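# Topology and contacts: notes
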Amino acid sequence: RGPGVKPPYFARQTPQMKWPEGRVQGESMDLVEEIDVRYGNVILYPPDKKELVTELSNKFRKIFPSKSRPSSRAAFLFGWNGEPLWKSEFERVLTDTDVLLKEQQQSLG
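Below: a short report on this structure. (Residues numbered from 1 in each chain as written. Predicted model: local features only at pLDDT ≥ 70, side-chain atom pairs only at ≥ 80, totals over all residues. Heavy atoms only, no water.)

This next bit is on a nonpolar patch on the surface. A cluster of nonpolar side chains, contributed by Leu77, Phe90 and Leu94, occupies part of the molecular surface with about 240 Å² of accessible area. As for its placement among the helices and strands, leucine 94 is situated in helix α3 (residues 87-108). (Patch = residues over 30% accessible without salt bridge, like charges linked within 9 Å, V, L, I, M, F, W, Y side chains within 5 Å. Areas by Shrake-Rupley, 256 points an atom, 1.4 Å probe, with all protein chains shown as cover. Salt bridge = Lys/Arg side-chain N within 4 Å of Asp/Glu carboxyl O. Helix = DSSP H or I, 4+ residues; strand = E, 2+ residues; numbered from the N terminus.)

Where helix α2 (residues 50-63) contacts α3, the two axes come as close as 9 Å, and the packing angle between them is 160°. With respect to their mutual orientation, α2 and α3 come out roughly antiparallel. Seen from above, α2 lies across α3 with right-handed handedness. Together, Leu52, Leu56, Lys59, Phe60 and Ile63 of α2 and Arg92, Val93, Asp96, Thr97, Leu100 and Gln104 of α3 make up the contact between the two elements. (Axes fitted to C-alpha atoms, helices over the stretch in contact; angles between N-to-C directions. Parallel < 35°, antiparallel > 145°, perpendicular 65-115°, else oblique. Left-handed = near helix turned anticlockwise from the far one by under 90°. Contact = heavy atoms within 4.5 Å.)

What follows covers the pattern of salt bridges. Once their charged atoms are close, side chains differing in charge can pair, the charge on each being opposite to the other. Inspection of the entire model under this criterion finds 10 salt bridges. A salt bridge links arginine 38 to glutamate 34; its shortest N-O distance comes to 2.7 Å. Highlighted residues: arginine 38 and glutamate 34, both in helix α1 (residues 28-38), separated by four residues, approximately one helical turn. Glutamate 34 sits in the buried class, given a relative accessible area of 17%. Between lysine 59 and glutamate 55 there is a salt bridge, with the nearest N and O atoms lying 3.2 Å from each other. Here the residue lysine 59 and the residue glutamate 55 both occupy positions in helix α2, the gap between them amounting to four residues, near one helical turn. A relative accessible area of 38% means that glutamate 55 is categorised as partly exposed. Salt bridges sharing partners connect three or more residues here, namely Glu21, Arg23, Glu34 and Arg38. (Buried < 20%, exposed > 50% of the residue type's maximum accessible area, 1.4 Å probe, protein only.)

Once that is clear, we can look at the side chain of threonine 97. For threonine 97, the location among the structural elements is in helix α3. Taking the relative accessible area as the measure of exposure, threonine 97 reaches 15% and is therefore buried. A polar side-chain atom of threonine 97 sits 2.8 Å from the main-chain carbonyl oxygen of valine 93. In contact with threonine 97, other than residues within four places in its own chain, are Phe60 and Ile63. (Polar contact = N/O pair within 3.5 Å; in protein donor to acceptor, adjacent residues only side chain to side chain.)

Structurally, the position occupied by proline 84 is in the loop between α2 and α3. Along the backbone, proline 84 and serine 68 are 16 residues apart, and their C-alpha atoms lie at a distance of 8.9 Å. Contacts of proline 84, omitting those with residues within four sequence positions, involve Leu77 and Phe78.

What follows deals with the side chain of glutamine 104. Checked against the element boundaries, glutamine 104 lands in helix α3. In this structure glutamine 104 comes out as buried when scored by relative accessible area, which is 18%. Leave out the neighbours within four places in its chain, and glutamine 104 touches Leu52 and Leu56.

In structure tokens form, the structure reads like this:
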């Protein structure tokens, strides 16, 4: 745990935003879209890429083991019970992720 006490709306998820009207939002892409709506002078998430980003995000989520604990730091190394996942699962995820990234790179030319 870092210095200082985190406010309750920031606990358990990263990132999470509490908007001035009190609404709390935690999904990364939803935050980017909301920033575009509120402060649209610079578009962070081009509308013409939404379908592609959603498709790739869904494919990427399917690669991770279903019993893994989501985390921006440890990603898929630990299960919900705190126990480490098997080395074979770790290696499979790396291989499948590499395949997905190579397919995307080839499709971009």
